[in-house]
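Observations on chain architecture
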Amino acid sequence: MAFNSWLSRLRASSSRAILDVFRGRARSQRRHSSPAQGALAATAAVSGGSDDRRFWLWSSALVPLAVAASAGSLALRSSPEPSLCGAPVVDAGYGVFSSMCVSVGVKVGGKGSTAYLVKGSHKEVPQELIDELVAICGENVTMDYDERSFHGTPQNSFHKAVNIPDVVVFPRSEEEVSKIVKSCNEHKVPIVPYGGATSIEGHTLSPNGGVCIDMTLMKRVKALHVEDMDVVVEPGIGWMELNEYLEPYGLFFPLDPGPGATIGGMCATRCSGSLALLACRYGTMRDNVISLKVVLANGDVVKTASRARKSAAGYDLTRLIIGSEGTLGVITEVTLRLQKLPQHSVVAMCNFPSVKDAADVAIAAMHSGIQVSRVELLDEVQMKAVNLANGKNLPEQPTLMFEFIGTEAYSLEQTTMVQKIVSEHNGSDFVFAKDPEAKKELWKIRKEALWACFAMEPTSEAMITDVCVPLSHLAKLIARSKQALDASRLTCTVVAHAGDGNFHTVILFDPSKDDQRLEAQRLNHLMVHTALSMEGTCTGEHGVGTGKMKYLEEELGMEALRAMKKIKQAVDPNNIMNPGKLIPPHVCF
């Protein structure tokens, strides 16, 4: 009866409204129009001719078109700003490595940086390169301002850059990617790989302009080996699309980051998700990728490993690329481990008087040896956001969500054991679901947490941060952070993968108001430095991008950062691969 009551409240209204609002911030329109339409639309704005005429102009007369439009909407902007992001540049060019560090004011993303806008040097893309890109990709090239702006503006992040990409290309094959990268390297023009646009730390910003390589047209499943339980895919396929494809075969890919994330982007950021909890069973992205194919800065295509489940042959190039955030190469193919779909699963939910009580239960459940596949924590502010966004009537208290998988008997046994632990730690309203639709309804609460936050303050932006600590420190980290968050005048929510020590906060603020931006940054810094003081990391799964570079020296040490920069310089001497990301600009040889 208790669960039926919860479920009726959960289904009281649909969450479609809030999702439509925020997914409609231009993404849905862009995703439903082809790259060719964007390119031709830009041409039509100048030519005004018929469809056939427009196509002819785009494919064979790009040079006069670009010149004619130089004062219009297709103008390639030139910024006088010196490079404050990434490695030092030569002659205000596109980021050729220097043998020493050049200090120009405060480097954005560097140690101690509080800058909000990511700056960079910029010069026009040579017309010769534009011609080469059109020859490679045909109509799948665009300089339409709206398309460039969309690709240069993160959809789920407050990070901004002074520049946007000058050109966006949509390759359809590995061969095209190789040719694009090789041409950009010859002209020393920066490139930024682009996937599902779900990254949070500014990974897809183009502070130096250049070429954005949108990989979303490369989304084929190239080979499925059911007996070996692996699959070979192109990088543009989403994890949700892949699992839809695999379901009839009784298989699935176990990692589940935000909706819309693509496999290539998941590799680049070394993401995980809520199912990473069972490290012995699933693990993170680095544990689930068998092999990669990667295009290096000179256009070479490198295969990082064979399809064997394990190998001791040579350097582990696969793990080097995973988490490199596009700074070492462009991923064009991924071979993934798969898992058998669980026979049965149970989803449970319960409330607590404080987040510390909830965290204590998560830790106790892990110590008990119970094989929980997910443990998610949402604080009372997040639950209020869920109710407001969806017209629900759920208890606005710190909440834990569990998932147990296995046989029906085993899942129910684990559920009963956790229920006992909950009752010993001030927990209440323990309910669970076995019906597939009911389980989906419960997990929607967690998966749509970000969109729900905006319902409280629709005009605000979100500073989303994640840290991770050893499990024994999680309760202390959450309690200390929660005290600061609650005392702030800003609206802040807490979401955590409580079973592996990964803690997230969404801080809502108005970026046009300096006091709110600085307060959001203060809270972010507090969380990160608290985690680092507990032998944790500044990012458990979101990656570094531009937002977390300033913390890497404290976490890893300068020697490690110098080693990383030497690797970067060796494989990308012209610094064209997603410059200004991952490696702090103050790292010197």
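Just above, that's the structure.
Described in the following lines is the structure provided in the data block. Everything quoted here is computed from the prediction, not taken from an experiment.

Attention now moves to the overall build of the protein. Looking only at helices and strands, the protein features 22 helices and 20 strands. Here the protein holds 589 residues, and 58% of them are scored as buried. Across the protein, every contact between residues at least 6 apart in sequence was considered, and the portion connecting residues at least 24 apart equals 75%. If you sum the accessible surface of the protein, you get close to 23000 Å²; carbon and sulfur atoms cover 53% of it.

With antiparallel pairing, the 7 strands of this open sheet are ordered in space as β17-β14-β16-β15-β19-β20-β18. The sheet terminates laterally at β17 (428-433) and β18 (461-468), the two strands that pair on one side only. Looking at each pair of strands side by side, their axes are set apart by 15° on average, direction ignored. Sheet analysis places strand β19 (residues 491-497) next to strand β20 (residues 502-509), joined by 7 bridges and oriented antiparallel. Across the sheet, V494 pairs through a bridge with T505, a residue of β20. Together, β14 (344-351), β15 (372-378), β16 (399-406) and β19 form the strand contacts of helix α15 (residues 380-390), whose direction differs from that of β19 by roughly 105°. Across the sheet, helix α20 (residues 514-533) touches β18, β19 and β20, and the angle it forms with β18 is around 10°.

A word on helix α18 (residues 449-456). Taken across its 8 residues, α18 has 7 buried, putting it largely inside the fold. Every buried residue of α18 is accounted for by A449, L450, W451, A452, C453, F454 and A455.

For the rest of this paragraph, the subject is the side chain of N185. If you trace the backbone, N185 turns up in helix α9 (residues 174-187). Of the residues examined, N185 reaches a relative accessible area of 15% and is grouped as buried.

Considering all chains together, one arrives at 6 cavities of 30 Å³ or more under this definition. By volume, the largest cavity is sized at about 1000 Å³. Taken together, 50 residues make up the lining of the largest cavity; nearest its centre are T198, S199, P257, G258 and A261. Elements with a contribution of two residues or more to the lining of the largest cavity: β5 (191-194), α11 (263-269), β12 (330-337), α17 (436-447), α18, β19 and β20. With 5 residues, the top contributor of residues to the lining of the largest cavity is α11. Tallied by class, the residues present in the lining of the largest cavity amount to 21 nonpolar, 23 polar and 6 charged.

Procedures and definitions
- Residues numbered from 1 in each chain as written.
- Predicted model: local features only at pLDDT ≥ 70, side-chain atom pairs only at ≥ 80, totals over all residues.
- Heavy atoms only, no water.
- Helix = DSSP H or I, 4+ residues; strand = E, 2+ residues; numbered from the N terminus.
- Buried < 20%, exposed > 50% of the residue type's maximum accessible area, 1.4 Å probe, protein only.
- Contact = heavy atoms within 4.5 Å.
- Areas by Shrake-Rupley, 256 points an atom, 1.4 Å probe, with all protein chains shown as cover.
- Pairing = 2+ DSSP bridges.
- Axes fitted to C-alpha atoms, helices over the stretch in contact; angles between N-to-C directions.
- 1 Å grid on protein atoms, 1.4 Å probe; cavity = no way out; pocket = protein on both sides within 12 Å on 5 of 7 lines; lining within 4 Å.
- Points joined across faces, edges and corners; volume = space filled by probe spheres on them.
- Nonpolar A, V, L, I, M, F, W, Y, C, P; charged D, E, K, R; others polar.

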